Amino acid sequence: MTPPHDHSQSPGSPHNLRSPHGPRGPHGPHGPRVVIIGAGIVGCSLADELTARGWSDVTVLEQGPLPAPGGSTSHAPGLVFQTSPSKTLSEFAAYTVRKFTSLTVDGLPCFHAVGGLELATTPERLADLRRKAGLAASWGVRARLVGPERCAELWPLLDSGQVLGGLHTPDDGLARAVPACRAQIDRAVRRGARFLDRHTVTGIERADGRVTGVVTDRGSFPADHVVSAAGFWGPVIGRMAGVDVPLQPLAHQYAKTRPLPELAGVNDPRAEASRPILRFQDRDLYFREHTDRIGIGSYAHRPLPVDPFTIDSYDEAAARGRAVPAMPSAHPFTEEDFAPSWQDCCGLLPALKESAVDEGFNGVFSFTPDGMPLLGVTPALRGFWLAEAVWVTHSAGVAKAVAEWMIDGRPSTDVHDCDLTRFEDAQRSPAYVARRGAQQFVEVYDVIHPQQPIDQPRPLRVSPFYARQVQSGAVFLEGGGWERPHWFEANAPLTEGLELPARDTWSARHWSPIAAAEARATRERVALYDMTPLRRLEVTGPGALAFLQRMTTNNVHKKPGSVTYTLLLDEAGGIRSDLTVARLAPDHFQVGANSPADLSWLQWHAPDDVHIRDITQGTCCVGVWGPRARALVQPLTHDDFSHRAFGYFKARRTYIGDVPVTALRLSYVGELGWELYTTADLGLRLWDTLWDAGRDLGVVAAGRSAFTSLRLEKGYRAWGQDMTTEHDPYEAGLGFAVREDKGDFVGRAALRERRAAQRKQGPHSGTGAGTGTGTGTGTGTRRLTPLLLDDPAAVVLGKEPVYVQGTPAGYVTSASYGYTLGRCVAYAWLPPLPTGARTHIEYFGEPLPATVADEPLFDPEMTRIRC
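These remarks concern the structure in this document. (Residues numbered from 1 in each chain as written. Predicted model: local features only at pLDDT ≥ 70, side-chain atom pairs only at ≥ 80, totals over all residues. Heavy atoms only, no water.)

Each helix and strand counted, the chain has 19 helices and 43 strands in total. Computed over the C-alpha atoms, the radius of gyration of the chain is 28 Å, within 12% of the 29 Å expected from 2.2 N^0.38 for a compact globule of 867 residues. Along the three orthogonal principal directions, the C-alpha set of the chain runs to about 85 × 65 × 55 Å. Look at the contacts in the chain between residues 6 or more apart in sequence, and 72% of them connect residues 24 or more apart. The centroid of the 89 positive side-chain charges in the chain is displaced by 5 Å from the centroid of its 97 negative side-chain charges. (Helix = DSSP H or I, 4+ residues; strand = E, 2+ residues; numbered from the N terminus. Rg over C-alpha atoms; globule rule 2.2 N^0.38 Å. Contact = heavy atoms within 4.5 Å. Lys, Arg positive; Asp, Glu negative; His and termini not counted. Charge placed at Lys NZ, Arg CZ, Asp CG, Glu CD.)

Next up, the structure:
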């Protein structure tokens, strides 16, 4: 997150870095030695992408026969819907469509653009399709909402009387996965790769923390890089490497009907289908044509977990012959699980009443705790990569990203929500992975609110203040396993007299007017915020200062007691994360970070004289913010907390009552205050001390809902939402956190190249958004832009498309109602626009006018913080 900036600076010193991506020494003329485990669609696509970029010393090992070795690829029905709540997954799918369309086998393309059609048979689903149409516009996918009549035209077998509407996506369709594997094998082999089937991996060789080779039942293969693209066998390969792979295989039912007279002569047998792939998500079903038959997939049945360590080999599965097709990924069809779905199928497609299931199987594929892929190089074993939990839909896009990552050090697409390091330790237990994986299966077609928390296992991680929060009626959401108070029912009386516009049913979910009362209490009095879930790292050692100077953009070479807001960039100048660095002693820093990936990135690069450890679990934090914050804290300490003695962006070790704390003068809500850190064992005492002292001052406990509103009123960014590696600091309005003149740092050269290229393009018309107090100015083709919705009653939540002059021009990143401003605040990536420019945000199909604003929207002179 972005607090207001501090412009002080002093010279820094560079430090040599170690690369996380692999050996950087000289390689042979064909690049480093790469071994890919698994020749499914991901392994074949990755071999193609690597060899296309000049790395041709690639060996692909597969236990089954090529080109259909028996994994999930071999039975996949091939449906590709490109629209997803995840921008990353949508981009992966779009690339997969483009690439497979360009591949041909036996005269047919490997992608057949029959289109997609999602049906709504309930009002809730119809509203969700309107939301999905907005997502499609945000990510650049062609989509159109259609009525029941058009749905029946696209799928004549439909009982249109059940249908309220549909979402038609004409560029979606069917991927021919096995032919796509064949085409990419041929291309990769021509460039020098080799594919070896009937090679079962039995071990991973390691030395000095690096992978060195792969052992099979037919010999060993030395390697500089090993990529596990083994699909549901990923945990098996991971165990050989000593690497945790949080993935749960589950079986999913797929059936084919008998031939239907209604389809006789309709489809070319080679192409198999002409009508859109069909999704009936209200009953967890999808359909596709197989010439004169219909294929049906169901997520309606109970979760059917599969132990990857007990799955048959290809030959064992073929010998058993218990399923059609006979392969390891196809388990016997359980008719009793499919029976209710068959009735739903017959209701939607009445022609099926005269037919029956001709064949079926339970196909195995992979789920992670959050439903996203597992990508990247493992911290536990250098050179060992994962490309797991990837569906055919996203396969080529994932392969492109991993190939770029391996060769260039970064993918061109932001992959932070796919990075294998994203899970906390508590989210990696076998029990957690199994339970959350099964729930992901259940929710595949559910309507999921963006703030909807998981149900189980909870509570998992709680702060030391949890007991007091429960007593105050905290309504908890969840993130990273942490219970996070969103608001407190004890504050309900504070809503009396508040005048708030009514909300629609979607934006009213996981929201309460109590959040407005808590925001007002923060602006007018003082509030306590539990900031414990935010990650805290300790960086120590003789080389700590030089290391942090080299790794981050701002100048941290300041006196002990100073705090600096700074950024982690990748080599191309993209924003990996934002940090708050407090120098507590000459060789001792406390770093406020975001995800486990930050810890991994810093540890990868740390020299031997720098020590980094995650102290989050053993510590806690209370944010004390509001105009009465000093009146609350000062009587509890002997140290001077006046502005002159304890200025903004300063740090101090002191005592609050009986509790030793590290106090940082920061504010993420735009008010006077401090972050107070102590050890977990003293956390409850700290909370009680502050609470008792604040009673006469009107102190309240406040939650994340109020926090988000207040931070957006001040224009503070949230990494992962507002900016990622796809954005540079100047585009994101964070130029103040970059000191290019301090000395070299990661990404500095790339930033200079970008700015030089942009200057050659010339200035853009208009003053541009985000050029006011508290921002940096950029000269690129896009900016993170603050918008105020014109209608005081309008609310958006994020990821909605933004239109300029009637054309989609960008998308919302973060949004919340600004209770101080009386308007919804939305930040969006848009072309440079002048302050006052008119736009509209599409929300469930409705255009909501919005105006480009200057930032920060609240207290631009910073008088409330610097007092």
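Judged by how many residues are buried, helix α14 (residues 544-551) sits mostly within the fold: 8 of 8 residues are covered. Of all the residues in α14, the buried ones are A544, L545, A546, F547, L548, Q549, R550 and M551. In this structure, the buried side of α14 is in contact with β28 (535-540), β29 (563-569), β30 (575-585), β31 (588-593), α15 (596-605) and β32 (611-614). (Buried < 20%, exposed > 50% of the residue type's maximum accessible area, 1.4 Å probe, protein only.)

Its boundaries defined by the atoms lining it, the second largest pocket holds a volume of some 480 Å³. As for the second largest pocket, its lining consists of 24 residues, of which A76, P77, E272, R288 and H290 are closest to the centre. For the lining of the second largest pocket, the elements supplying multiple residues, two or more each, are α2 (72-75), β10 (173-175), α6 (177-190), β16 (248-257), β18 (285-290) and β22 (357-367). Looking at the lining of the second largest pocket residue by residue, the classes come out as 12 nonpolar, 6 polar and 6 charged. (1 Å grid on protein atoms, 1.4 Å probe; cavity = no way out; pocket = protein on both sides within 12 Å on 5 of 7 lines; lining within 4 Å. Points joined across faces, edges and corners; volume = space filled by probe spheres on them. Nonpolar A, V, L, I, M, F, W, Y, C, P; charged D, E, K, R; others polar.)

The full count for this structure, using the stated rule, is 28 aromatic pairs. Ring centres of F232 and W233 lie 4.4 Å apart, and the angle between their planes is 45°; this geometry places the pair in the tilted category. Summarising the burial analysis for this pair, F232 and W233 share the class buried. Lying across the ring of F309, R239 places its NZ or CZ 4.0 Å from the centre. In this arrangement the basic side chain of R279 is found over the ring face of F81, its NZ or CZ atom lying 3.8 Å from the centre. (Phe/Tyr/Trp six-rings, centres within 6.5 Å; stacked < 30°, edge-to-face > 60°. Lys NZ or Arg CZ within 6 Å of the ring centre and 35° of its normal.)

Moving residue by residue along a regular strand, the side chains alternate between the two faces of the sheet. Relative to strand β13 (residues 210-216), strand β12 (residues 201-207) runs antiparallel, the two sharing 6 bridges. Pairing of I204 across the sheet is with V214, part of β13. Count of turn residues in the β12/β13 antiparallel hairpin: 2 residues, of which D208 carries a positive phi of about 55°. Between β13 and strand β14 (residues 219-222), which pair antiparallel and follow one another directly, the connecting turn spans 2 residues. (Pairing = 2+ DSSP bridges.)

Moving on to the packing of helix α13 (residues 514-524) against helix α18 (residues 704-713). At a minimum axis separation of 8 Å, α13 and α18 run at an interaxial angle of 55°. Put simply, α13 runs oblique to α18. Crossing geometry of α13 relative to α18 is assigned as right-handed. Between α13 and α18, the residues in contact are A515, E518, A519, T522 and R523 and S705, A706, L710 and E713, respectively. Tallied by class, the residues present in the contact of α13 with α18 amount to 4 nonpolar, 2 polar and 3 charged. (Axes fitted to C-alpha atoms, helices over the stretch in contact; angles between N-to-C directions. Parallel < 35°, antiparallel > 145°, perpendicular 65-115°, else oblique. Left-handed = near helix turned anticlockwise from the far one by under 90°.)

Grouped together as the largest cluster of nonpolar side chains are 78 residues, with contacts concentrated most on Y529, L787, L789, V796 and I841. Ranked by residue count, the leading element in this core is strand β41 (residues 823-830), at 7 residues. Dropping the residues within four chain positions of it, L789 is found in contact with A794, V795, V796, R823, C824, A826, I841, L848, P849 and A850. (Core = buried A, V, L, I, M, F, W, Y, C linked by side-chain atoms within 4.5 Å.)

Looking at the element boundaries, F844 is found in the loop between β42 (838-843) and β43 (846-852). Here F844 falls in the buried class, since its relative accessible area comes to 18%. On a C-alpha basis, the gap between F844 and N491 in space is 32 Å, while along the polypeptide they are 353 residues apart. Look past the residues within four positions of F844 in its chain and what remains in contact with it is A127, R130, R131 and W506.

Below, the discussion takes up the sheet that holds β28. Sheet architecture is open: 5 strands sit in the order β29-β30-β31-β28-β32, paired in antiparallel fashion. With one partner strand each, in any of the chains shown, β29 and β32 form the two edges of the open sheet. Taking each pair of neighbouring strands and ignoring which way they run, the sheet shows an average axis angle of 30°. Strand contacts of α15: β28, β29, β30, β31 and β32, with the helix running at about 70° to β30, the strand carrying the most contacts.

What follows concerns the pattern of salt bridges. For the structure shown, the criterion picks out 46 salt bridges. D128 serves as the salt-bridge partner of R131, at 2.8 Å between the closest nitrogen and oxygen. One end of the pair, R131, and the other, D128, are both in helix α4 (residues 123-139), 3 residues apart, so they sit about a helical turn from each other. D128 shares its class with R131; the two are buried. We note a salt bridge from R275 to E289, for which the minimum N-O separation is 3.6 Å. Taken together, the positions of R275 in the loop between β16 and β17 (277-280) and E289 in strand β18 put the pair 14 residues apart, joining distant regions of the chain. As far as burial versus exposure is concerned, R275 and E289 are alike and both buried. (Salt bridge = Lys/Arg side-chain N within 4 Å of Asp/Glu carboxyl O.)

By themselves, these observations are geometric and do not establish any function.
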